[in-house]
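# Inside the fold
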Amino acid sequence: MIVTGMLLGNATIATMAEGAGYGLLQKGAVWVQNGQITWVGPEADAPEQAGPAEDMQGRLITPALIDCHTHIVHGGNRAGEFEMRLNGASYEEVARAGGGIISTVKATRGASEDTLLAGALRFVDALIGEGVSVIEVKSGYGLDIETELKMLRVARAIEQVRPVRVRTSFLGAHALPAEYAGRAMEYIETLCIPALEAAHSAGLVDAVDGFCEGIAFSVEEIEPLFTRAKELGIPVKLHAEQLSNIGGTQLAARFGALSADHVEYANDADAQALARSGSVAVILPGAFYTLHETQAPPVEAFRKHNVAMALATDCNPGSSPLASLLLVMNMGCTLFRLTPEEALTGVTRHAARALGLDDTGVIAPGKRADLAIWNVSEPAELAYRIGFNPLHRRIFGGEG
Ligand code: DI6
Ligand code: FE
């Protein structure tokens, strides 16, 4: 008998397969061959060719985690601004001292690709250390063609130096650069769309994102960008209804978006629109926490209308300087009353869907062998503990 691959046995397995809650298997085993999952089930039923099982000693195995919304590539940091504010400085004083999103744009424009990559890897490594296998990375701190492309190249470079998959989102419509003050539509038409075309030609874009908000871009300004994305065959997603309700969720749904993200101010009609379009609601508790927001996303409406909910770090230097997906799971439960099962689904199966990936996020035959093995015995413990990382081992594409 020829034994191939590896059989992980004596495990509690949360397969996260559709329609089955955690899809929990006690005394389970999973068989991995050539980077893929070949079989999962009760160890007693394991195929003979799988050979003897490696003893997981009752540990929990889940799909590896997926962080489906980050701004992990950026120049500089805003710790000084954080400190100024906590010492009593007003928003205007911070802005006059060069703070805010525009300060990150300046730092990102000025940074080399090596510097940006080294900065990002600090957070990438923290996420990998928590069992993460896929990270979405947005541009959006360039706001000029050259720097938007630079950010996306750095995002792609992460995959070359770390065992992780990266999905890139073009976020040229993140903020209006000073050069275009008062001319938002002109920015979209003469800079943002050409930047998207250039980035797409260079093979750097998996999705197109925008920041639809009073302080950023309106529905009317995002629409031509989404129209162009559609023509190019690129899926869209949108930062929508984070600080107010201005119709971004409806726009996202109209374009069949992969996801609408933040969505604190979304209402019942917005939830229905997402349900119809099959878009995922990506919930970002890190920004809510950092900004001291009080409006929680309409979780009850999402449940009622069967909108898939994902959770992500939103890792960025301003509103969410957060690089722990385990903490995000806890925050989702504590701040927004998600159940631990919804939280785990939100960083696995639903996060994969928010990125348009159908080869990962669940433990099932034919999927990638991206697994996280934890020193816990039940899945609720992952969301329950705060500031504790129980990862025992991560398997990425069958390796590890
Ligand atoms: N939503 C946010 O909260 C951040 N961007 C976005 O689209 C803010 C990013 C920053 O402050 O750097
Ligand atoms: Fe964001």
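The structure we're discussing is the one just above.
Residues numbered from 1 in each chain as written. Chains lettered and ligands numbered in written order. Predicted model: local features only at pLDDT ≥ 70, side-chain atom pairs only at ≥ 80, totals over all residues. Heavy atoms only, no water.

### Regarding the layout of surface pockets
Roughly 810 Å³ of internal volume is contained in the largest pocket. As for the largest pocket, its lining consists of 29 residues, and the residues nearest its centre are Arg 78, Tyr 91, Gly 100, Ile 101 and Ile 215. Counting residues per element, the ones that place at least two in the lining of the largest pocket are α1 (79-86), α2 (91-96) and α3 (101-110). Here the second largest pocket defines a volume of roughly 340 Å³. Every residue lining the second largest pocket is counted, 15 residues in all, and those nearest its centre are Asn 306, Val 307, Ala 308, Arg 349 and His 350. Contributions of two or more residues to the lining of the second largest pocket are made by α11 (299-304), α13 (340-346) and α14 (349-354). Looking at the lining of the second largest pocket residue by residue, the class counts come to four nonpolar, five polar and six charged. (1 Å grid on protein atoms, 1.4 Å probe; cavity = no way out; pocket = protein on both sides within 12 Å on 5 of 7 lines; lining within 4 Å. Points joined across faces, edges and corners; volume = space filled by probe spheres on them. Helix = DSSP H or I, 4+ residues; strand = E, 2+ residues; numbered from the N terminus. Nonpolar A, V, L, I, M, F, W, Y, C, P; charged D, E, K, R; others polar.)

### Re the site of ligand 1
The environment of ligand 1 is made up of Arg 78, Ile 101, Tyr 141, His 174, Phe 211, His 239, Gln 242, His 262, Asn 316, Gly 318 and Ser 319. Between His 174 and ligand 1, the recorded distance is 2.8 Å, taken from a side-chain N or O atom to a nitrogen atom. Ser 319 is positioned such that a nitrogen or oxygen atom in its side chain is 2.7 Å from an oxygen atom of ligand 1. Protein chains shield 93% of the accessible area of ligand 1, which is 320 Å² for the free molecule. (Near = heavy atom within 4 Å. Polar contact = N/O pair within 3.5 Å; in protein donor to acceptor, adjacent residues only side chain to side chain. Areas by Shrake-Rupley, 256 points an atom, 1.4 Å probe, with all protein chains shown as cover.)

### A look at the side chain of Gln 33
Note that Gln 33 resides in strand β2 (residues 24-33). Here the side chain of Gln 33 touches Thr 38 through a polar contact of 2.9 Å, side chain to side chain. Sequence-distant contacts of Gln 33, defined by excluding residues within four places in its chain, comprise Thr 4, Gly 5 and Thr 38. (Contact = heavy atoms within 4.5 Å.)

### With respect to the coordination of the iron ion (ligand 2)
The protein atoms that coordinate the iron ion (ligand 2) are His 69 (NE2), His 71 (NE2), His 239 (NE2) and Asp 314 (OD), at distances of 2.1 to 2.4 Å. Metal-centred angles of 81 to 167° between the four donor atoms at the iron ion (ligand 2) mark the site as irregular. Positions of the donor residues of the iron ion (ligand 2) along the chain correspond to the pattern H-x1-H-x167-H-x74-D. With His 239 in strand β10 (residues 237-240) and Asp 314 in the loop between β13 (309-311) and α12 (325-336), this pair connects stretches of sequence that are 75 residues apart. The same class applies to His 239 as to Asp 314, namely buried. (Donors = N, O, S within 2.8 Å, 3.2 Å for Na, K, Ca; no water. Tetrahedral: all angles 85-135°; square planar, octahedral: opposite > 155°, others 65-115°. Buried < 20%, exposed > 50% of the residue type's maximum accessible area, 1.4 Å probe, protein only.)

Function cannot be inferred from these measures alone, as they are strictly geometric.
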